[in-house]
Amino acid sequence: MQLKKYTDYGLRILMYLGAHESRADAPKLTTIREICETFKLSANHVNKVVHHLGRLQLIETRRGKNGGFFLAKAPGEITLDYVIRQLEGDEPWIECHNPYCVALPACELNGIVARGKEIFYDYLAQFTLNDLLKKQGQLLQIFSTTS
């Protein structure tokens, strides 16, 4: 299995925001442009992912001239299984009905793969965005030199 680029971009954005998280009352606002320049991504893709992360209430957005977005939750509250499941979509990994597979009545593949998927997500549930930020200083240095 390979994660979609969409999910990869979402995780990168969350890491960027987490690394720049401010402990002060006013959060540091990040812009689409900053993300695009840092990761060399198209604004169209980043806009879609940011909008989705906002709908998931993982980030908050501010409109206007001095607008931007920031983490809506503490990094320790954002589990990787939730983020990946939401951005990937939770469709079955094996599609037996469209088109219909003639082996379906005797096949064990779907059940095995479905169980593997749950084991995968159970494993990811042990980790949060905080775990991705263990080298925060190094991340900040990398992010500041790529913009």
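These numbers come from a predicted model, not from an experiment.

Colleague: Just checking my understanding: could you explain the nonpolar core for this structure?
Modeller: Soluble globular proteins: nonpolar side chains tend toward being buried together. Formed by 32 residues in total, the largest nonpolar core has its most connected members in I13, L14, V46, L53, I59 and F69. When contributions to this core are tallied by element, the ones reaching two or more residues are helix 1 (5-19), helix 2 (32-39), helix 3 (43-55), strand 2 (68-71), helix 4 (80-88), helix 5 (109-124) and helix 7 (136-146). Here this core takes 7 residues from helix 1, the largest share from any one element.

Colleague: Help me understand unusual backbone geometry in this model?
Modeller: Leave glycine aside and you will find that most residues have negative phi; peptide bonds, for their part, are mostly trans. With an omega of -5°, the peptide bond between N98 and P99 qualifies as cis. With respect to the element layout, P99 can be found in the loop between helix 4 and helix 5. The residue K40 is not glycine, and still its phi comes out positive at about 55°. Note on placement: K40 falls in the loop between helix 2 and helix 3. With phi around 60°, Q57 is a residue other than glycine that occupies positive phi space. Relative accessible area serves as the criterion here: at 57%, Q57 is assigned to the exposed category.

Colleague: I keep staring at helix 5 and nothing clicks. Help me out?
Modeller: Within an α-helix, residues lying three or four positions from one another point in the same direction, as the helix has 3.6 residues per turn. Between its first and last C-alpha, helix 5 extends 23 Å over 16 residues, near the 22 Å set by a 1.5 Å rise per residue. Along helix 5, the residues classified as buried are K117, Y121 and L124. Around the axis of helix 5, the buried residues are gathered within 60° of arc, so they sit on the same side. Its buried side turned inward, helix 5 meets helix 4.

Colleague: Even after reading the chapter, I still don't get the confidence of the model for the protein chain, so can you show me in this structure?
Modeller: Caution is warranted with low-pLDDT regions, since their predicted coordinates should not be read in detail. When pLDDT is averaged across the protein chain, the result is 92; 96% of the residues are at 70 or more. Highest mean pLDDT in the protein chain belongs to helix 6 (residues 129-132) (98); lowest belongs to helix 7 (90).

The rules we used
Within each chain, residues carry numbers counting from 1 in the order of the written sequence. In keeping with the predicted nature of the model, local features appear solely for residues at pLDDT of at least 70, side-chain atom pairs appear and are counted solely at 80 or more, and the whole-chain, interface and lining totals rest on all residues. In computing side-chain values, all of the structure's heavy atoms are included and hydrogens and water are not. Here, nonpolar core refers to any group of buried Ala, Val, Leu, Ile, Met, Phe, Trp, Tyr and Cys residues whose side-chain atoms link them within 4.5 Å. Accessible area is worked out with a 1.4 Å probe on protein chains only. A residue is then buried under 20% of its type maximum, exposed over 50%, and partly exposed in between. By the criteria applied, helices consist of DSSP H or I runs no shorter than four residues and strands consist of E runs no shorter than two, each listed in order from the N terminus. Residue count minus one, scaled by 1.5 Å, sets the expected span of a helix. In this description, one arc is meant: the one made by directions from the helix axis to the C-beta atoms. Contacts were defined at the residue level, with two residues in contact if any of their heavy atoms lie within 4.5 Å. Per-residue confidence from the predictor is given as pLDDT, running between 0 and 100.

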